[in-house]
Amino acid sequence: MLNQGKVVFNRKLNNTIYYLRIKVPISFKAQPGQFINIKVSDDYVPLLRRPFSIFNHERGFIDILYKVVGNGTKKLSNKKREDILDFIGPVGNSYVDFFYEDEFKEKNIYLVAGGTGFASIHFFARWLLRKKIKFKLFYGAKNKKEIFQRFCKNFDVLIATDDGSCGKKGLITSFINGDKDTIIFCCGPQTMLKTIQSIKAYKKIASFESYMGCANGVCLSCVIKINKGKEFDYARVCKEGTVFDLDDVIII
Amino acid sequence: MTNKINIQVKIGKLILKNPVMTASGTFGYGLEFEKFFDLGKLGAIITKGLSLNPVKGNPPQRIVETPAGMLNAIGLQNIGIKNFISEKLPLLKKYKTPIIVNVYGRKVDEYIEVADILNDTDVAGIELNISCPNVKRGGLQFAADKKAVEKIINRIRKKYKKTIIVKLSPNTGNIEDMAIHCERCGADAVSLINTIVGMAIDIKTKKPVLANVFGGLSGPAIKPIALAAVFKVSKKVKIPVIGVGGIMNYKDALEFMMAGATAVQIGTANFIDPLTCVKVIKDLQYYLKENKIYDINKIIGAIKLE
Ligand SMILES: Cc1cc2nc3c(=O)[nH]c(=O)nc-3n(C[C@H](O)[C@H](O)[C@H](O)COP(=O)(O)OP(=O)(O)OC[C@H]3O[C@@H](n4cnc5c(N)ncnc54)[C@H](O)[C@@H]3O)c2cc1C
Ligand SMILES: Cc1cc2nc3c(=O)[nH]c(=O)nc-3n(C[C@H](O)[C@H](O)[C@H](O)COP(=O)(O)O)c2cc1C
Ligand code: FES
């Protein structure tokens, strides 16, 4: 759980998005949908670790695809080759926990990624590819700069951007036609997940983000609302999630 | 050199094998840390605040980071004392670490009922949280209400045979007065400080960042305030003072002990490095050895004033 790894590279892909590879012991194992909680600085600002989905993982390394949005991600972007990164993980459950191969045999598998939600979906897409399971990827972002086609080479992919600068113009969710044989796995902004809730499908599985304190199930800061008949319960994104049955979640 | 170094301290009737405890709300019910280290190494485990019945807590967003600290407004989400006793306590028993239950009630009677229930268990002590800034009723209201505090402590003291710690905050009133009051009412120790009321605003939306508007500030940002509280209070009371607030390493722990704390609690640091508590215990021993101090109790209140 407590891990250290050397930075192999920390490449700038565009103005704000970076591609980080960390060397890890070969004993390190992770599943798509899981994340790691990185210590981005050694002083007290920022204080807390920062969570990032695993974008890719193969024997001996993990990749992260992240967007610089504030101080923590800025500090992460300054890490250089050979720097030691301290991280906790893998944390959380996986899309795989919700993947029933036999049950899903005759179904259409759709993966939906919005913005940096592409990270965890990408890892899952590679998992499916390796298992030779067919799927279609719907990939949306603000504009061309935030779409990373180079990582989609082997996928059957439909791209949409808000401004039409890459792929179709509009919200990615408007290009999804679901039916009773559709299974959706998705990750992205909550507004996207909320829209997906109203798409018809056999099953919808989503990975959630939230504000995290510990990523260890103890601080209870990362909760989302789970439907329980007339009532609701709070579930911890870092512990019970990040992956949930989308129909169970109350998105406000 | 085989000089044995004593790191045992005493809080009320409770002997702790070392002065390092986990601060309530930052260590869950302990079990989440089993994967990181042997819980038997801790001086004591203080649980998340428990109430008579389960509490759902506040809506998210519940935390936000601030310079060298964080605000939280969890709203005391917990599984309730009965579930704790049936589900968690049996799993904690195998560790030779005293379990202290942090108790929170909305009414005076609730504190007493919870204490009654705990009387029949292996729990080593209770820490009464009368100073939580994140709940509308109870919490802060009690921290300022000497009569209510007297009622709570008196009535628990009558039946409850084990250690009673009262947790205080600098949010309301005079913390020294309240500590003296708690001592008079029969508390075995006071722990200070709980988080300090704060808030943050999102300038884009003009909305408070936390759904609860206010949250409790913790982490290194509050250490100087906590330290001053410990220093002032420990001069005024005879019962042990437990120092809490922004302790990140053994040096911080030493400062609190020199200021007069008999023991310390580590909170927010557990989120950043889950091994903080065990590291502090180890480093304290190393410090004592290096400085040829053979009893940690010699550090307590060792501050030198001209
Ligand atoms: C399970 C999980 C997986 C994640 N995976 C990725 C990933 O693969 N790639 C990636 O780029 N980012 C990911 N994130 C988000 C990432 O953790 C945050 O962007 C990062 O913590 C921001 O840190 P900062 O210090 O740079 O920004 P801060 O200064 O903390 O915040 C800057 C801005 O970003 C917003 N923000 C911060 N944290 C979050 C959050 N958790 N959710 C929504 N908004 C936030 C703040 O409200 C603020 O407006 C993930 C988050 C979680 C919880
Ligand atoms: C997320 C969180 C939850 C907390 N919950 C409780 C609680 O349930 N009861 C309590 O008495 N104190 C609670 N506290 C306060 C801590 O126990 C401690 O007093 C405070 O955080 C200061 O110490 P620190 O700076 O080391 O974190 C909580 C603190 C945090 C950060
Ligand atoms: S981040 Fe602390 S419980 Fe999930």
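Scroll up to find the structure.
Scope of this entry: the structure provided in the associated data block. (Residues numbered from 1 in each chain as written. Chains lettered and ligands numbered in written order. Predicted model: local features only at pLDDT ≥ 70, side-chain atom pairs only at ≥ 80, totals over all residues. Heavy atoms only, no water.)

The subject of this paragraph is the overall build of chain A. In terms of helices and strands, chain A carries three helices and 17 strands. Relative to its length of 252 residues, chain A is compact, with a C-alpha radius of gyration of 18 Å against a globular reference of 18 Å. Here the C-alpha coordinates of chain A stretch approximately 50 × 45 × 35 Å along the principal axes. Taking all 252 residues of chain A together, the buried fraction comes to 56%. Counted over contacts in chain A with a minimum sequence separation of 6, partners at least 24 positions apart contribute 60%. Total accessible area computed for chain A in this model is approximately 11,400 Å², and 49% of it derives from carbon and sulfur atoms. If you average the places of the 41 positive and of the 25 negative side-chain charges in chain A, the two averages end up 6 Å apart. (Helix = DSSP H or I, 4+ residues; strand = E, 2+ residues; numbered from the N terminus. Rg over C-alpha atoms; globule rule 2.2 N^0.38 Å. Buried < 20%, exposed > 50% of the residue type's maximum accessible area, 1.4 Å probe, protein only. Contact = heavy atoms within 4.5 Å. Areas by Shrake-Rupley, 256 points an atom, 1.4 Å probe, with all protein chains shown as cover. Lys, Arg positive; Asp, Glu negative; His and termini not counted. Charge placed at Lys NZ, Arg CZ, Asp CG, Glu CD.)

Time to look at the sheet that holds strand S9 (residues 136–141) of chain A. All names here are of chain A. Strand order in the open sheet formed by seven strands is S11-S10-S9-S8-S12-S13-S16, and the pairing between neighbours is mixed. Each edge of the open sheet carries a strand with a single partner, namely strand S11 (168–169) and strand S16 (243–245). In this structure, strand S8 (residues 108–114) lies alongside strand S12 (residues 182–187), joined through six bridges in parallel fashion. Counterpart to Leu 111 in the pairing with S12 is Phe 185. (Pairing = 2+ DSSP bridges.)

So, about the nonpolar core. With 137 residues, the main nonpolar core has A:Phe208, B:Phe84, B:Leu128, B:Ile156, B:Leu168, B:Val190 and B:Leu192 as its most contacted residues. The dominant element in this core, judged by the number of residues it contributes, is helix H9 (residues 276–290) of chain B, at seven residues. Core analysis: the next-biggest nonpolar cluster, separate from the first, contains 37 residues, A:Ala119, A:Trp127, A:Ile133 and A:Ile205 among them. (Core = buried A, V, L, I, M, F, W, Y, C linked by side-chain atoms within 4.5 Å.)

The next subject is the pairing of strand S9 (residues 163–168) of chain B. Residues and elements named next belong to chain B. Among the six residues of S9, six are classified as buried, and the element is accordingly described as predominantly covered. The two faces of S9 match: Thr 163, Ile 165 and Lys 167 on one face and Ile 164, Val 166 and Leu 168 on the other face are all buried. Pairing geometry for strand S8 (residues 125–129) and S9, over five bridges, is parallel. For Ile 126, the partnering residue across the bridge sits in S9 and is Ile 164. Pairing geometry for S9 and strand S10 (residues 189–192), over four bridges, is parallel. Its bridge partner lying in S10, Lys 167 is registered against Ser 191. In this region the chain leaves S9, passes through helix H5 (residues 175–185) and returns to the parallel neighbour S10; the handedness of that crossover is right-handed. (Right-handed = clockwise from strand over helix to strand, strands pointing away.)

In the structure shown here, the tally under the stated rule is three cavities of 30 Å³ or more. The space that makes up the largest cavity amounts to roughly 430 Å³. Lining of the largest cavity is provided by 35 residues; of these, B:Ser24, B:Thr26, B:Asn72, B:Asn194 and B:Thr195 occupy positions nearest its centre. Of all the secondary-structure elements, those providing two or more residues to the lining of the largest cavity are strand S6 (69–72) and helix H8 (269–272) of chain B. Its residues assigned to classes, the lining of the largest cavity shows 15 nonpolar, 18 polar and two charged. Estimated volume of the second largest cavity: approximately 50 Å³. Residue lining of the second largest cavity: A:Ile17, A:Leu65, A:Gly115, A:Thr116, A:Phe118, A:Tyr139, A:Glu146 and A:Phe148, and that is the complete set. The residue makeup of the lining of the second largest cavity, split by class, is five nonpolar, two polar and one charged. (1 Å grid on protein atoms, 1.4 Å probe; cavity = no way out; pocket = protein on both sides within 12 Å on 5 of 7 lines; lining within 4 Å. Points joined across faces, edges and corners; volume = space filled by probe spheres on them. Nonpolar A, V, L, I, M, F, W, Y, C, P; charged D, E, K, R; others polar.)

Residues and elements named next belong to chain A. Strands sit in the order S4-S3-S7-S1-S2-S6-S5 across an open sheet of seven strands; the sheet is antiparallel. Both outer strands of the open sheet, strand S4 (50–53) and strand S5 (56–58), are each paired with one neighbouring strand and no more. Going from strand to strand, the sheet's axes swing by 35° on average, the running direction of each strand aside. Contacting S4, S5 and strand S6 (61–67), helix H2 (residues 118–130) crosses the sheet at an angle of about 45° to S5. (Axes fitted to C-alpha atoms, helices over the stretch in contact; angles between N-to-C directions.)

Before going further, it helps to spend a moment on the site of ligand 2. All names here are of chain B. Residues in close proximity to ligand 2 total 24 residues, the closest being Ser 24, Lys 167, Gly 219, Gly 246 and Thr 268. Between ligand 2 and Asn 129, the relevant distance is 3.2 Å, taken from an oxygen atom to a side-chain nitrogen or oxygen of the residue. For ligand 2, whose accessible area on its own is 610 Å², the fraction buried by protein is 98%. Among the residues making up the shell around ligand 2, the classes are represented as seven nonpolar, 15 polar and two charged. (Near = heavy atom within 4 Å. Polar contact = N/O pair within 3.5 Å; in protein donor to acceptor, adjacent residues only side chain to side chain.)

Within the secondary structure, A:Arg236 sits in strand S15 (residues 231–236). Look at A:Arg236 and you get buried, because its relative accessible area is 17%. The residues contacting A:Arg236, other than those within four sequence positions of it, are A:Gly217, A:Leu220, A:Cys222, A:Val223, A:Gly241, A:Phe244 and B:Glu32.

Bringing the site of ligand 1 into the picture now. Residue and element names in this part refer to chain A. As a matter of local geometry, ligand 1 sits amid 20 residues, with Arg 50, Pro 51, Lys 67, Gly 72 and Thr 73 nearest to it. The backbone of Gly 72 places a nitrogen or oxygen atom 2.7 Å from an oxygen atom of ligand 1. Between Tyr 211 and ligand 1, the recorded distance is 2.8 Å, taken from a side-chain N or O atom to an oxygen atom. Burial of ligand 1 by the protein chains amounts to 76% of its free accessible area of 870 Å². The leading source of residues in the shell around ligand 1 is S4, at four residues.

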